[in-house]
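Chain residues, written in single-letter form:
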Amino acid sequence: MILDWLLPVLLLSVLALALIGAIRRISLWRAGQPSPVDFFGGLKAMPRRYLVDLHHVVERDKYMSNTHVATAGGFVLSLVLIILVHLFGIESKWLAWPLLASSVLMFVGATFVYKRRKNPPSRLSKGPWMRLPKSLLVFSVTFFLVTLPAAGVLPQGFGGWVLALILAAGVVWGLGEMVFGMTWGGPMKHAFAGALHLAFHRRPERFGGGRSTGLKPVDLDAPVLGVQKPSDFKWNQLLGFDACVQCGKCEAMCPAFAAGQPLNPKKLIQDMVIGLAGGTDAKFAGSPYPGIELGNAKGGPDSTITEGLVNPDTLWSCTTCRACVEECPMMIEHVDAIVDMRRFLTLEKGNTPGKGAETLDNLIATDNPNGYEPGSRMNWAADQNLRVMSEVKEADVLFWVSDGAFDMRSQRILRSFVKLLKAANVDFAVLGDEERDSGDVARRLGDDATFQSLAKRNIAVMNKYRFKRIVTTDPHAFHVLKNEYKDFGGDYEVLHHTTFINELVKDGRIKLGGHKGGTVTYHDPCYLGRYNGEYDSPRELLSAMGIQLAEMERSGFRSRCCGGGGGAPITDIPGERRIADMRIEDARATGAELVAVGCQQCTAMLEGVVEPRPEIKDIAELAADALVEADDSQPARTRRDELAVEVA
Amino acid sequence: MANAEHLKIVALVSVGQHPKSGRARRAEQDARAVELGLNLCGEKVQVLHAGDVAEESLRSYAGMGLKQLRVLQQAAGADASVALGDYLSEHLPDIVLTGVRAESGESSGMTPYLLAEKLGWPLVTRIADIARIENGEAEILQALPRGQRRAIRVRLPFVASVDNAAAAPRQSAYGPGRRAELENLPWVETADEVRAAFEEAPARKRPKRLKMVKAKTAAERFKAATAKSQGGGGRVIKDQPPHEQAQAIFDLLLEEGVLR
Amino acid sequence: MSDIIRRDPRAEWIARNRLHPLHAEMAAPAAETRGPSGLIRKNPHAVGFIGPNGIKRIDRSGGSGAAVGIRRGARSAQQVELPLHTVENPDYYVVAVLDMVGGRLTSHDKDVLGQAHKLIRGGDGSGAVLAVVFGEHKEEAFDKAGVDRLLHLTGSEFDGYCPEQKVACLAEVEKQYQPRYWLFPDSINGGNELGCRLAARLGERPATQAWQVDRDTSVCRGGGGLSDITRDTPRLLLLAEECADPIDETRHQVLALELDRKPRIINRLQDCGQVAVDPNSVSLAEAEFILSAGNGIHDWDQFHQAAEALGATEGASRVAVDDGFMPRFRQVGATGTWVTARVYVAVGISGAVQHMQGIGQCDKVVAINTDAGCDMVKRADLSIIGDSQKVLAQLIELARDYREGGAENAA
Ligand SMILES: Cc1cc2nc3c(=O)[nH]c(=O)nc-3n(C[C@H](O)[C@H](O)[C@H](O)COP(=O)(O)OP(=O)(O)OC[C@H]3O[C@@H](n4cnc5c(N)ncnc54)[C@H](O)[C@@H]3O)c2cc1C
Ligand code: SF4
Ligand code: SF4
């Protein structure tokens, strides 16, 4: 019988070819820069990362998660058994029957994949991906049939040579797609690269329920700063790009894409794959970058990415909101990649668009992005009687004021927060003129030199004083202080003001009355929510004011960015819409009259939407308005403070 | 842009000062001079500073894409224009570009004048651009107030001071700025004795001159006393026919002299 | 503000002040001019005045109205004759080289002349202020500005931009008169340039941006405006605006002086004339008069017409840009251009903080808006509450009238 000898030969050669492909692929990744990983630990943890962490993300889409379990589980099991049964020729019903079962399982999964692919949403890539369900079906059916004789269901040599030929063709197709294609760049590549990506992920802290969102520092003495060519990425970043399944979940969430700015995170990752392997994007079968035609991008491991492969505007459109990262089932790190490439543009090319260059110059010369006199940082608080660290040296809480100090609108938030702190008799102090911009914007604009300089000076100042925790009303400063100063020796307990106020309320140190007014919705700031996982405190606090939130469809970890992060308002890459306008649309859909936020940047962005629109207020403002003055504890003091607030 | 790749162009740079923080930085006009030089002859432009090679802000000129920046070593109290003049008369470039006024020190703006006088070259002040260089003659656009321009022709070699109206300097990139070579040339120092006698202090606020009315007649005195102070802000004209409202705007435009 | 329309004392004052640059437009006699053919022409637009209710009136009796039309003789009778300050055979000169923008003394020039007298007053010997004026001028009040001696250098060699020629003459002045002080207005209208050129020529170390000067010490702005330098007063000074009070209580002789040898040099700088710059191609940051459009503009053709008629540079709010009505480089504000215009007219712009950031340095802001409570109105020096379309239509008309009138007057 033909199949008897053909099958092992085919299997063997496909496996050999796959091995060659794997070696080739690995060598492509290894063109990247060294990045230390825990090799064996990673491999050991891989199954768990796949089954638990990745599944956790995939499970948000129940349909796809079940489908994937069936298909992938069926396939892996089938392949192992196929090798045993058909390559090594172990004749045992104990293997053949399970193989039949696993191919059935895979078949069932594959039919669901097929169904999804019948009318695929636009976020899914077409092209070879449309072939995949058929390949899955062919593979499972073929091996089911081929195994029937081994299971003793059918006699050997059943069906004659016609069937044998058909089956042989099926075997070639199935193995070609599923095994050969896995390492030579077919859709199944995701399984091979994905597994290794999980093992050697650059942020292993993300597994097991952890969080790792801070950007990694640039070595400023390196010969090239940032990523110029694909081979400048760390090798495991390249590996990560290769793991993309082109599911387009990132694309569906990306605010810049939705606003018609020339960014599509999925396409970006695929462009990175083109870069690492060499080639063009002519065969890309998904949505292009809005406004940029397919087919013109060309790249290779050693050619400059922004000259031919990716338009710089694509990189500058990103708000670093992490919606893509949050959504990606392969746990790919888009934001890291984008900022890495921005670093090259800013630090090596001096090509930060829009007001970027001016902002960076200001940060360098005045420590604030708008070039205000550094000595006027405390002007907003002239009437607030705040204690300054340089005088008191010590306090329970260090109130990090942030650059909101220079902005009239943000000052209202700051004053409200101060009012609450005073009402609760919190022992707090500020850094005053010694405070500098946290470095958030500089870092997201790719200027890690300026970020590091600001961070180091801020840390040096803070290390002079004693305090237990830092509280800030600015989620960007919050994130940077909490997660990114560690690399420079600044390890602090940092709280967002909503967390802190919530604590005060829970401890009974302040009392909030009811909020008066219509429907309220809450906008999760990216740097508070997705970056730091704080979704609950703001909501608890709002409900403590008796507010029943009308949640937006996209809220919590799916919250849509206001458009204000990552220096995007500064680079201001044109699109078809404004991200903030879309967000206000989201809010309008809930019928809200008021959007509660926890960020001065969100406030500015959302208030930048043309009226009429819902009112925008920071939670600190709402809480200060709802504050019930405690008259038993130090009435005189509270009254005086209140006066001060009124005057302001 | 003018084709000037074969020319020797020197841009002189000083240490600037941020108007708000007073921190050293790349001076705006000098950076524009470098930008103009880069546009004229690319990396070949020679950027020259007289002072201390350790000065950090020089790196932000280098970050504009210079491979090298030459520093004539001068102590703080030395007269930089003498050193620069000597250097230039030794090297005789085709074009010397400077800023109009330095942002720190005396800010007298005399450097280009002294250099032109010493070299015996023509000086074109406040230029916005060099439109063309042909047959040893340059066509220059000089900046006039309110965005106006004057065309000037001048034969090479010449000195030109670059106005704020010239093309904004490109962003300074950190990496190349770090890596550029700052070449230190020890140079003869001439002490600036006049300046040594200066006393420098933070700028005092200058009182705005009050509109003094020296009334000669009773009527004028009366008018002065009853005239409402203009510019007190916020004149609002409401509920009036559009032509009167328009007239009010028009009068203001006339008064400000912006109609021409 | 009250809604009562008052007489415009300024217009009346201009009409009275023959030396005011706008006098020609304001004064009634301008209504009749001799045309190129020698015929008397009437300019209908220059006739009349704005009455107390804001409506244009033509007074055919030729007598009443604002001060317009009152004859000089009548006025000079009211005026007190200022005492004449005379200097015979001066021991030394203080030379003031004047800008004379548009052929008239600028206020800066007058400050410089005031400073010149301040340097003489109370000193040894008798000094005279010698004003140097290049080219034709229209000034008639040198006497009241403090000019004791006038060196008026005329001739075709002073036409156009010719700093080298002028400096050569000043070097001659130095030889012939050996002035005790040389004073220049430190201005962009030529004073700074001539002063620096002469200083370099004579080897003098000038005081620049000097704002407090006496015979011993001068205080100068240095360090890019951040510091004050106190120094011995040098011989050559470039004076800041308002360095001294102008002369206003004396008249002076204005005796003409001559230069024995008038040098004539070959200019190395060849003036090829001013380049015609269309106001709309002037970069926003440099523009002095901006008409800016926001979401409250509904007729964009009309807006462009208005900008053209007024000769204004166009600006826009971000919404106008986002909606595709204006190009991006016209956007004013945080993410657009920070402008420094003398007059900024915001039509239908609400005044969001991000927009306001861009106009922080504007001198006079005019708002045209339907909403009297919007932030732009709070910031504006003059606010028109009304529909932009109607107001712009009227403005276009006014501008056209003005231009036609102006053209005919010039003829
Ligand atoms: C990060 C960020 C950066 C920004 N940067 C800028 C920037 O650089 N520049 C900028 O301009 N904006 C900027 N914005 C947008 C800004 O917040 C406002 O949305 C925008 O300035 C509003 O433009 P507008 O005043 O034209 O529109 P609106 O706010 O809609 O105001 C229209 C005005 O026109 C008046 N109006 C309506 N009809 C008429 C009529 N018929 N006649 C007269 N008046 C009428 C209305 O009363 C109203 O006051 C930014 C926003 C953000 C968040
Ligand atoms: S971080 Fe946000 S804006 Fe950037 S690519 Fe991801 S989803 Fe898009
Ligand atoms: S990057 Fe992640 S989310 Fe985006 S298409 Fe690829 S796998 Fe899907």
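Residues numbered from 1 in each chain as written. Chains lettered and ligands numbered in written order. Predicted model: local features only at pLDDT ≥ 70, side-chain atom pairs only at ≥ 80, totals over all residues. Heavy atoms only, no water.

**Description of the confidence of the model for chain B**
Per-residue pLDDT for chain B has a mean of 89; in total, 90% of the residues score no lower than 70. Contacts for the low-pLDDT stretch residues 228–232 of chain B, under 50 throughout, to residues beyond four places or in other chains number two contacts. (pLDDT = per-residue confidence, 0-100. Contact = heavy atoms within 4.5 Å.)

**Comments concerning the sheet that holds strand 11 (residues 217–222) of chain C**
The strand order across the open sheet formed by ten strands is 12(B)-12(C)-11(C)-10(C)-13(C)-9(C)-6(C)-7(C)-8(C)-15(C), and the pairing between neighbours is mixed. Two strands in the sheet have a free side with no partner beyond their single neighbour: strand 12 (199–202) of chain B together with strand 15 (255–257) of chain C. In this sheet, adjacent strand axes meet at a mean angle of 35° when their direction is disregarded. Sitting on the sheet, helix 7 (residues 191–202) of chain C is in contact with strand 6 (92–97), strand 7 (127–134), strand 9 (181–185) and strand 13 (236–239) of chain C, with an inclination near 150° to strand 9 of chain C. (Pairing = 2+ DSSP bridges. Helix = DSSP H or I, 4+ residues; strand = E, 2+ residues; numbered from the N terminus. Axes fitted to C-alpha atoms, helices over the stretch in contact; angles between N-to-C directions.)

**A closer look at empty space enclosed by the protein**
Residue and element names in this part refer to chain A. In the structure shown here, the tally under the stated rule is ten cavities of 30 Å³ or more. Reported here for the largest cavity is a volume of approximately 100 Å³. In terms of lining residues, the largest cavity is bounded by H197, H201, R202, N236, Q237, G240, F241, M331, I332, E333 and D336. Looking at the lining of the largest cavity residue by residue, the class counts come to three nonpolar, five polar and three charged. Here the element with the most residues in the lining of the second largest cavity is helix 14 (residues 334–349); it accounts for three residues. Classifying every residue of the lining of the second largest cavity gives ten nonpolar, four polar and one charged. (1 Å grid on protein atoms, 1.4 Å probe; cavity = no way out; pocket = protein on both sides within 12 Å on 5 of 7 lines; lining within 4 Å. Points joined across faces, edges and corners; volume = space filled by probe spheres on them. Nonpolar A, V, L, I, M, F, W, Y, C, P; charged D, E, K, R; others polar.)

**Let's talk about the interface of chain B and chain A**
The interface of chain B with chain A comprises eleven residues on the first partner and 26 residues on the second. Interface area, chain B with chain A, both sides summed: about 1,300 Å², of which 48% is carbon and sulfur. The tally of links from chain B across to chain A stands at two salt bridges. Among the ionic pairs, E348(A) bridges to R179(B), the shortest N-O distance being 2.3 Å. Applying the counting rule to chain B against chain A returns ten residue pairs in polar contact (both at pLDDT 80 or more). It is helix 5 (residues 174–179) of chain B that contributes the most residues to the side of chain B that touches chain A, four residues altogether. Considering only residue class, the side of chain B that touches chain A consists of three nonpolar, four polar and four charged. (Buried area = accessible area lost by both parts, 1.4 Å probe. Salt bridge = Lys/Arg side-chain N within 4 Å of Asp/Glu carboxyl O. Polar contact = N/O pair within 3.5 Å; in protein donor to acceptor, adjacent residues only side chain to side chain.)

**Section: the interface of chain C and chain B**
Accessible area lost upon the coming together of the parts is a frequently used measure of interface size. With 91 residues of chain C at the interface, the matching set in chain B holds 87 residues. Summed over both sides, the interface between chain C and chain B buries roughly 7,700 Å², with carbon and sulfur atoms accounting for 55% of that surface. Taken as a group, R205(C), L226(C) and E286(C) account for 8% of the area that chain C buries against chain B, more than any other trio of residues on that side. At the junction of chain C with chain B, the criterion picks out eight salt bridges. R149(B) is paired through a salt bridge with E286(C); the nearest N and O atoms lie 2.9 Å apart. Along the contact surface separating chain C from chain B lie 34 residue pairs in polar contact (both at pLDDT 80 or more). The element that contributes the greatest number of residues to the side of chain C that touches chain B is helix 12 (residues 388–410) of chain C, accounting for eight residues. When its residues are assigned to classes, the side of chain C that touches chain B shows 42 nonpolar, 20 polar and 29 charged. Examined bridge by bridge, strand 12 of chain B and strand 12 (residues 227–232) of chain C share four bridges and lie antiparallel to one another. Bridged to E200(B) within strand 12 of chain C is I229(C).

**Let's talk about the site of ligand 1**
Around ligand 1, a shell composed of 30 residues is seen, among which S317(C), S350(C), H355(C), N369(C) and D387(C) lie nearest. Ligand 1 sits at a junction of chains, with neighbouring residues supplied by chains A and C. In the environment of ligand 1, an oxygen atom lies 2.7 Å from a nitrogen or oxygen atom belonging to the backbone of G608(A). Separating an oxygen atom of ligand 1 from a backbone N or O atom of A334(C) is a distance of 3.0 Å. Protein chains shield 89% of the accessible area of ligand 1, which is 980 Å² for the free molecule. Of all the secondary-structure elements, those providing two or more residues to the shell around ligand 1 are helix 25 (600–607) of chain A together with helix 9 (318–322) and helix 10 (353–358) of chain C. (Near = heavy atom within 4 Å. Areas by Shrake-Rupley, 256 points an atom, 1.4 Å probe, with all protein chains shown as cover.)

**Brief notes about the pattern of salt bridges**
Scanning the model with the defined rule gives 84 salt bridges over all chains in all. Residue E137(B) pairs with R153(B) through a salt bridge whose shortest N-O separation is 2.5 Å. In this pair, E137(B) is assigned in strand 8 (residues 137–143) and R153(B) in strand 9 (residues 149–155), connecting sequence segments 16 residues apart. Of the residues examined, R153(B) reaches a relative accessible area of 24% and is grouped as partly exposed. Overlapping salt bridges, with partners in common, bring together D340(A), R343(A), D440(A), R443(A), R444(A), D448(A) and E484(A) in one network. (Buried < 20%, exposed > 50% of the residue type's maximum accessible area, 1.4 Å probe, protein only.)

**Structural notes on helix 5 (residues 128–150) of chain A**
With 23 residues, helix 5 of chain A should cover 33 Å at 1.5 Å per step; its first-to-last C-alpha distance of 32 Å lies within 8% of that length. Within two residues after helix 5 of chain A, G152(A) carries a phi angle of roughly 80°, on the positive side. (Expected span 1.5 Å × (residues − 1).)

**A few points about the UniProt feature "domain: Electron transfer flavoprotein alpha/beta-subunit N-terminal" (unreviewed entry) in chain B**
Here the UniProt feature "domain: Electron transfer flavoprotein alpha/beta-subunit N-terminal" (unreviewed entry) sits at residues 15–196 of chain B. With 27% helix and 33% strand, residues 15–196 of chain B has end C-alpha atoms that lie 19 Å from one another. (UniProt positions renumbered as here; feature names shortened; annotations may be inferred.)

**A word on the pairing of strand 6 (residues 95–99) of chain B**
All names here are of chain B. Of all five residues making up strand 6, five are buried, and the element is well covered by its neighbours. Burial of strand 6 is two-sided: the residues I95, L97 and G99 facing one way and the residues V96 and T98 facing the other way are all buried. Sheet analysis places strand 1 (residues 9–12) next to strand 6, joined by three bridges and oriented parallel. Paired with I9 across the strands is I95, a residue of strand 6.

**A few points about the domain arrangement of chain B**
Taken domain by domain, chain B comprises domain 1 (9–196) and domain 2 (204–260). The centre of domain 1 of chain B, based on its C-alpha atoms, is set 44 Å off from the matching centre of domain 2 of chain B. (Domains from an automatic or database assignment.)

**Describing the UniProt feature "domain: Electron transfer flavoprotein alpha/beta-subunit N-terminal" (unreviewed entry) in chain C**
Mapped onto the present numbering, the UniProt feature "domain: Electron transfer flavoprotein alpha/beta-subunit N-terminal" (unreviewed entry) falls on residues 94–269 of chain C. Regarding residues 94–269 of chain C, the helix share stands at 26% and the strand share at 28%, and the terminal C-alpha atoms are separated by 29 Å.

**A few points about the site of ligand 2**
In the vicinity of ligand 2, the contacting residues are C254(A), P255(A), L263(A), P265(A), C318(A), T319(A), T320(A), C321(A), R322(A), A323(A), C324(A) and V335(A). Class assignment of the residues belonging to the shell around ligand 2 gives a composition of nine nonpolar, two polar and one charged.

**Some thoughts on the packing of aromatic side chains**
All names here are of chain A. Inspection of the entire model under this criterion finds 23 aromatic pairs over all chains. Every member of this aromatic cluster is reached through a ring pair, and the members are F39, F40, F200 and W235. The side chain of K267 reaches across the aromatic face of F284, ending 5.5 Å from its centre. In this structure, R322 packs its charged tip against the face of Y531, placed 5.6 Å from the ring centre. (Phe/Tyr/Trp six-rings, centres within 6.5 Å; stacked < 30°, edge-to-face > 60°. Lys NZ or Arg CZ within 6 Å of the ring centre and 35° of its normal.)

**Describing the sheet that holds strand 17 (residues 289–293) of chain C**
Taken together, the six strands give an open sheet; going across it, the order is 13(B)-21(C)-20(C)-19(C)-17(C)-18(C), and neighbouring strands pair in parallel fashion. The sheet is open, and its two edges are formed by strand 13 (235–237) of chain B together with strand 18 (313–316) of chain C, each paired on a single side. Between one strand and the next, the sheet's axes are offset by a mean angle of 20°, whatever the strand orientation. As judged from the five bridges shared by strand 19 (residues 343–347) of chain C and strand 20 (residues 364–369) of chain C, these two strands associate in the parallel manner. Counterpart to Y344(C) in the pairing with strand 20 of chain C is V365(C). Packing of helix 8 (residues 242–256) of chain B onto the sheet brings it into contact with strand 13 of chain B together with strand 17, strand 19, strand 20 and strand 21 (382–385) of chain C, and relative to strand 21 of chain C it is tilted by some 160°.

**Some points on the packing of helix 4 (residues 111–119) of chain B against helix 7 of chain C**
Between helix 4 of chain B and helix 7 of chain C, the least distance of the axes is 9 Å, while the angle of their chain directions is 45°. The angle between helix 4 of chain B and helix 7 of chain C places the two elements in the oblique class. The chirality of how helix 4 of chain B crosses helix 7 of chain C is right-handed. In this structure, helix 4 of chain B contributes Y113(B), L114(B) and E117(B) to the contact, and helix 7 of chain C contributes N192(C), E193(C), C196(C), R197(C), A200(C) and R201(C). A per-class count over the contact of helix 4 of chain B with helix 7 of chain C returns four nonpolar, one polar and four charged. (Parallel < 35°, antiparallel > 145°, perpendicular 65-115°, else oblique. Left-handed = near helix turned anticlockwise from the far one by under 90°.)

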